[in-house]
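The lines below spell out each chain.
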Amino acid sequence: MTVIDAMRRGQTAIVLGAGVSAALTDNDDNASWAGLLAGGIQILRDQGNQDDVINAELAELYLEESLADANSLIGAADALSESFATGSPARHKWLAGSIGKLQIANEELANALREFGGPIVTTNYDTLLEQATGRSTVTLLDIYSGSSRQLGGETVLHLHGVWDRADTAVLSSSDYDAVIENVQAQALQKAIATTNTLVLMGFGGGSKDPNLSRVLTWISKIFSDPSSTHYRVCKASEYKDAVVEHFHHNVQVEKYGDEYVHFTPFVKKLVAASNEAVVASTLEQAQNHLVSELRSRALHIADASNLSAAPSELVVIEPAFNLMQRSDQTVDLADGDDSKNGSNRRISGSSIVDDERFTVIAGDAQYGLTTALNWLLLDTSRRFGLTPIIVDASFANNRDFSVQRRIAKEAKSVGYDVKKNGFKGLAIAVDNINPEHSAFSKIVAGLATIDAGRMFLGCRTGSEHQLLSAFNSRELVVRYVGPLGSKDIIRYAKAAAPEAWEPVAKAVMDAVRNERLPRNPFTIAQLVAIMVRGGSVSSIGSTTRLLEKYLDILLGRFESADEARSDHLEECLIRLSRELFQANTAGMAEVEAASLIDACLQDIDSDISPIDAVVELLDRRLLVRNESGVVFAQTSYLWFFAAKSAEIDSTVRERVLERPLYYGGILCHYAGLVRRDSEPLRVCKEILGPSTLVPEINPILIARSSSATVGSTSARHRDDPNRAGGEDGAEADLFDIFDTSEVEPFPSIDERSMTEEDLLARGVEVASIVLRNSTLVSDLTLKRELLRAIMVGCSQLSVKLHQSDGFRELLGRALEEVLGDAPTTSGVDDALDRACGFVFVGGVSHGLASGALANPAREFLDSEVAVGFEKDLLAAGAAILILLSDNDAGFDDALGVVLRLKNTSLMQDVVSNLLAHRYYSERSESKANALSNVLVRLYEASRSFDNAAQRKSLAAAFRQDLAGRRTMRVRAPLHLAG
C-alpha cells in the first residue's frame, strides 16, 4: 500500500520536520538547524563575554563537523545551551530574533496544508504551520498536564516545543533527556490515540537530522505493533540512504520527486487523498454517534447480563411509523380499521426517507419519538451518504438562539464544515419543536432557510398542524410514530434468543399488556435483554419480577458502582407512592413532592439534594409532570412501589387486603414480591364466592349450529400470503385486540359501582395473578380451593359473555378482521359457542400458565378422576391447559386426561383448538407427534364411521391436513365434526 492509499484510508497524522519550514519560507536560513545554530553563535560572539565566546567557538567546531554527523549538530546545540539556558531571557531573545521572524513565502504549500483536516505534528520550533493553517499551538506539556484537548484538526502539536515559550523548547541533549522519560512518550501517546499511521515529511537530511532519530524513538515506543506501517517521504536522491536507515523500523520510504520543487505538488496530492477519507470518516463519526444514542434503546445481544457494556452487536428494530394518526394507538374494532383502504396503515421508515425530503414526525415520548428521529437519520445517512445531525429545539432561547448556528456547530463537531460545504450534505433532525415555545417563530424562520439533503422535524402529536401552517412556503408531509406491536417483540426475541424466542416474546408481551408499559424500542429492548441473560433465557416467574428488573434499569443500577444512589432514589419512590396511596390520588404538587423527598433523603442520611433527586427521577422517566403536578410515569410504577411499601408497612398491607379489587394492581405486585403471604389467597377466594357454585348454563353444552362453517379453513385462506399473521405466522396483533392504554391508579368509579360482569372479570383476573405469584405459600389446600373458584368464575364469565349483545357484535367484527369476509349469523353463533370456551379456558391458561401451578393442577385432576369430572368439567379443562404450559411431566399428564375425556364437547370443541394451536407452533418433534396423535383420537371420537376402513382413511387424511397446517402455520379454528 502506498502513502496515497494510506491517506485515503484516514486516521493518518503528518509529522513535519525542518524541511517543511524551509519550503514554506523559500529556504530562509533560520528555518534550518544549521542556520538557527549559526545565528546563535553569532549572538554570543557579538556579546563579547569570555564564557559565551568559548561556548560559541565550541559550537562552531561542532557545526563544521555536522556535514558528516548529525550528532555534531546536537553537540553544537549543547554548547550553545550553556549560554542560552532553558527559560532564560537570552534564549527567548535568540529564538525571537531568528525563528520568530520567519514568514511564509510559499503560499501554494501553505494552502495545501490548510486543506489537511487530520492531526499535524512537528519537530520545529516556529509557528509557520499555525500561520498557514490557522490552527492553535499545543505542546506535549499542554497535553500531559491536561490543559489542552487531544490533538485534532484544530491544533498543531510541537514535539520539541515552540519558540515563544522558550521553556518548552527542546534544544540540547539534556533538554531532551529531561523530558523524554517524564512526559513525552505518555503525552504523545495520548495526543495521537486515534491515529493509526504517521507520514514523516521534511526530514531530508536523514541521518544528519537529529530530530529524525528522536521521532523514530517515539514511534518505536508508541506504535509497538510491528505490523503497523508508517511512511517517510523524501527526495529521489535521498531514497537509497533512507531505505537503509529504516531497515530496522516499520517505516516505508517513498519518493516525492527528483527536485525540491516537486515537494509542494506531492503534498497537494496527499491532502486531496486525505480529504476523501475525511468525508468518509465524518460520516462514520456521525453515524457512530447516532449508534451510541440508539445503544441505550437497542437490544444488547453480546452480553445482556451487563446492560451498560458496549455490545459487539446491537439490534435496533425499526420504529412503528404510521401513515396517519391512530386516535388511541390501537385498532378500535367497534369502529373498524381503515388499513385495508390505505387511509391508515403502518409504513416503513425507508419509504419516508425515499419519498420525502422534508417530513414532520409526530409522536409522543412513550412511543420513542427521539429514537424514531435517530433511526431515520441513521438510515438516511447509510443509504444516501448524508452526514446526520440532530438538535434539540427545547434548548432554544428567544434572544440569541440561531438554529442555523446550532446545526453548523453540531456538524463541525463531527468534522463537517457547513461554511465550506453548505447544508446540502446534511440529514437534519430537529427534535422537540413546540409551537408554544417562545423561540418557535425564530426556529421556523431559521429552518425555512436551510436546504438540507433531508430534514425531519419532530413534534408531539397534536402540534403537527401548527407546524405545517408555520412552514406554509415549504411542502411538508406528516408521518406518525406509534407503539410497537407483537411482531416487533417477536423480532427482538428472535434476535436475542433464536432457538428459544417464544417464551421470551410471551413474557415480554405479558408484561407490556398486564403492566401497560410503553411500547417503545427502549422498553421492549430492555425487557428482552432481561429475559435473555448471558445467552440463556431467564426463568422469571411473574410480570412483577420482570417489572422489578426493568425498574432497576430505570433507577440506574447497571450504570455505575454507586448502588447507594439507586437505593436512595428507590426509597424516595416508595415514600412518594405511600403518600399517594394514602391520599388515593395519582399525583401531588411538585413543591409537596420535593418536600416529601427532602424529608425522605434526610431520614436515610443521603447526600443527594432533593432538587437533584426530583430532576433525576424526571429525567429517568420514573416520574413525569402533568396538570396534577408530579405523577408516576406509569400507573404500574405507582402500584409496584406501593406494593413495596406494603412489604414494610402493615397499615398499607391491611388497607390493600380490605379492598382487593380496587387495589388489585397493588395486591398482585405485593403477592409477586413477597410470594409467601397466604392472606392475599384467602381474600381472593372470598371475593369469588363458594367454589361449589355451578353456572346456570354450561356454554360448552350449547347446541352447535349445523349450518356454520366458520371453523373450516378454506384453501383460499390457507394459501393467501396476505392473511393475518404474515411471515411470522402470528394472529392479528395482540395489542390491536387488547386495550393497552394507561389506566387511572385510583379510579373514581370503584368496585362498589361496577357491574356484575366487571366485578367477576376483575375478580378472576386478580385472583389468577395472585395465585400465580404466591409461589412460596405452602398451603396447597388453599391453592387448590382458589384454583377451583377461579375456574368456576371463568365459567360464569363465559356464560355472561355468551349472553351479551355487545360481545356478540365485537366477535363478529373480529371474525371479519381475521377471515376478510363478513360472517353469517349462524357463523357468529357457532363461533360464540367456541369463543366462550376460549375465553374461559384460554383466559385461565394465560392467567395461570406457570410451572409453579403444575402440581396443584395435577392434584386437582387426580382428585377428580374418582368422581368422573361431572361437576367440574370446565375446571378440568383449565387444569389441562395449565399442565400443557408445563413442558415437563405435566405435558404428558394433560394429554392423558384429554384422552380420558375425548367424548366430551369440551375436549372436541375447545381444547382441540388449543391443542391444535400448540401443535402448529411446537418445536419439539416428539411433543408434536404426541399432540397429533391426541388430535386424531379427538377427531375419531367426534364422528361416526361406517366401518373401520373409512375410520382409518379419514383419520389419515385428517392427520395429513394437520401436518400441512403446521407447515404453513395456519391459525384458523379447527372444526373436528365439520
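Numbers given to residues run from 1 along each chain, matching the order in which its sequence is written. Per-residue local features of the predicted model are confined to residues with pLDDT of at least 70, and side-chain atom pairs are confined, for both listing and counting, to 80 or more; whole-chain, interface and lining totals are unaffected and use all residues. Remark: hydrogens and water are excluded; side-chain values derive from all non-hydrogen atoms of the structure.

Chemist: What's the story with the confidence of the model for the chain in this structure? I'm lost.
Modeler: When pLDDT is low, close inspection of the predicted coordinates is not appropriate. Confidence along the chain averages 75 in pLDDT terms, with 67% of residues attaining 70 or more. You can read pLDDT as the predictor saying how much it trusts each residue, on a scale of 0 to 100. The contact criterion used throughout is that any non-hydrogen atoms of two residues lie within 4.5 Å. Predicted confidence for residues 299-313 stays below pLDDT 50, and this span has 36 contacts to residues more than four positions away or in other chains.

Chemist: What is the right way to read the pairing of strand S15 (residues 454-460) from this model?
Modeler: Along any regular strand the residues' side chains alternate between the sheet's two faces. Across the 7 residues that make up S15, a large majority, 6, are buried. Only strands that DSSP links by at least two bridges are regarded as paired with each other. For the purposes of this entry, the term helix denotes a DSSP run of H or I that reaches at least four residues, the term strand denotes a run of E that reaches at least two, and both are numbered from the N terminus. Taken together, the 6 bridges between strand S12 (residues 358-363) and S15 define a ladder with parallel strand orientation. Residue pairing for S15: Gly363 is matched across the bridge by Arg460. Relative to S15, strand S14 (residues 426-431) is paired through 4 bridges, and the arrangement is parallel. Bridge pairing links Ala429 to Phe456 in S15. With the strands aimed away from the viewer, a crossover counts as right-handed if its path from the first strand over the helix to the second runs clockwise. In this view, the connection linking S14 to its parallel neighbour S15 by way of helix H18 (residues 440-448) has right-handed handedness. Three labels apply to residues, based on accessible area from a 1.4 Å probe with only protein chains included: buried if under 20% of the type maximum, exposed if over 50%, partly exposed otherwise in between.

Chemist: How should the packing of aromatic side chains be read in this particular structure?
Modeler: Centre distance within 6.5 Å is the pairing criterion for rings of Phe, Tyr and Trp, where only the six-membered ring of Trp is used; planes under 30 degrees apart are then read as stacked, over 60 as edge-to-face, and the remainder as tilted. In this structure the tally under the stated criterion is 10 aromatic pairs. Centroid distance Tyr939 to Phe958: 4.3 Å. Interplanar angle 5 degrees. Geometry classified as stacked. Separated by 19 residues along the polypeptide, Tyr939 in helix H41 (residues 925-942) and Phe958 in helix H42 (residues 948-968) bring together distant segments of the chain. Given a relative accessible area of 8%, Tyr939 falls into the buried group. Taking relative accessible area as the criterion, Phe958 reaches 8% and is therefore assigned buried.

Chemist: Can you walk me through helix H16 (residues 403-413) in this structure?
Modeler: Every α-helix carries 3.6 residues per turn, so stepping three or four residues along brings you back to the same face. Among the residues of H16, those classed as buried are Val403, Ile407 and Ala411. Angularly, the buried residues of H16 cover 75 degrees about the axis, an arc narrow enough to put them on a single face. For H16, the exposed residues lying more than 90 degrees away from the buried face are Arg405, Lys409 and Lys412. Against the buried residues of H16 lie strand S13 (387-392), helix H17 (418-421), S14 and H18. Note that the arc is defined by the directions from the helix axis to the C-beta atoms.

Chemist: Quick question: what am I supposed to make of the packing of helix H25 (residues 590-603) against helix H26 (residues 610-619) here?
Modeler: Helix-helix packing is characterised by the crossing angle of the two axes and by the distance between the axes. Contact pair H25 / H26: the axes reach a minimum separation of 9 Å and the direction vectors enclose 115 degrees. Comparing their axes, H26 and H25 come out roughly perpendicular. Note that H25 runs across H26; the crossing there is right-handed. On the side of H25, the interface is formed by Glu590, Ala594, Ile597, Asp598 and Leu601, while H26 contributes Pro610, Ala613, Val614, Leu617 and Leu618. Each axis is a line fitted through C-alpha atoms, taken for helices only over the stretch in contact, and angles between the N-to-C directions span 0 to 180 degrees. For classification purposes, angles smaller than 35 degrees are called roughly parallel, those larger than 145 roughly antiparallel, those between 65 and 115 roughly perpendicular, and all remaining angles oblique. Crossing chirality is assigned from the near helix's rotation relative to the far helix, an anticlockwise turn below a right angle marking it left-handed and a clockwise turn marking it right-handed.

Chemist: What exactly am I supposed to notice about the pattern of salt bridges here?
Modeler: In a structure, side chains of opposite charge can pair up when their charged atoms sit close to one another. Salt bridges, as used here, are contacts in which a Lys or Arg side-chain nitrogen is within 4 Å of a carboxyl oxygen on Asp or Glu. Enumeration according to the criterion identifies 30 salt bridges in this entry. One salt bridge in this structure joins Arg491 and Asp488, with 3.2 Å as the shortest N-O distance. Here Arg491 and its partner Asp488 are both found in helix H20 (residues 486-496), 3 residues apart, which amounts to about one turn of the helix. Residue classification places Arg491 among the partly exposed residues on the basis of a relative accessible area of 34%. When salt bridges that share partners are traced, they join Arg545, Glu548, Asp552, Arg557, Asp567, Glu570 and Lys644 into one network.

Chemist: Whenever I open this one, the environment of Thr197 confuses me. Can you help?
Modeler: Looking at where Thr197 falls in the secondary structure, it is placed in strand S5 (residues 197-201). For the pair Thr197 and Thr229, spaced 32 residues apart in the sequence, the C-alpha separation amounts to 6.6 Å. Apart from residues lying up to four places away in sequence, Thr197 is in contact with Ala6, Gln11, Thr12, Ala13, Thr229, His230 and Tyr231.

Chemist: I keep staring at unusual backbone geometry and nothing clicks. Help me out?
Modeler: Where the residue is not glycine, phi is negative for most of them; where a peptide bond is considered, it is trans in most cases. Despite not being glycine, Asn584 has its phi angle at roughly 55 degrees, a positive value. On the secondary structure map, Asn584 appears in the loop between helix H24 (563-583) and strand S19 (587-588). At Arg675, a residue that is not glycine, the phi angle is positive and equals roughly 70 degrees. Tracing the chain through its elements places Arg675 in the loop between helix H29 (664-674) and helix H30 (679-688).

Chemist: Help me understand the sheet that holds strand S2 (residues 120-122), please; the structure alone is not making it clear to me.
Modeler: By way of backbone hydrogen bonds, the strands of a sheet pair with one another, either parallel or antiparallel. An order of S3-S4-S2-S1-S5-S6-S7 is seen for the 7 strands of this open sheet, with the pairing classed as parallel. The sheet is open, and its two borders are formed by strand S3 (136-139) and strand S7 (251-257), each paired with just one other strand. Between one strand axis and the next, the sheet turns by 25 degrees as a mean value, whatever way the strands run. With 3 bridges joining them, S2 and strand S4 (residues 155-158) adopt parallel strand pairing. Paired with Thr122 across the strands is His158, a residue of S4.

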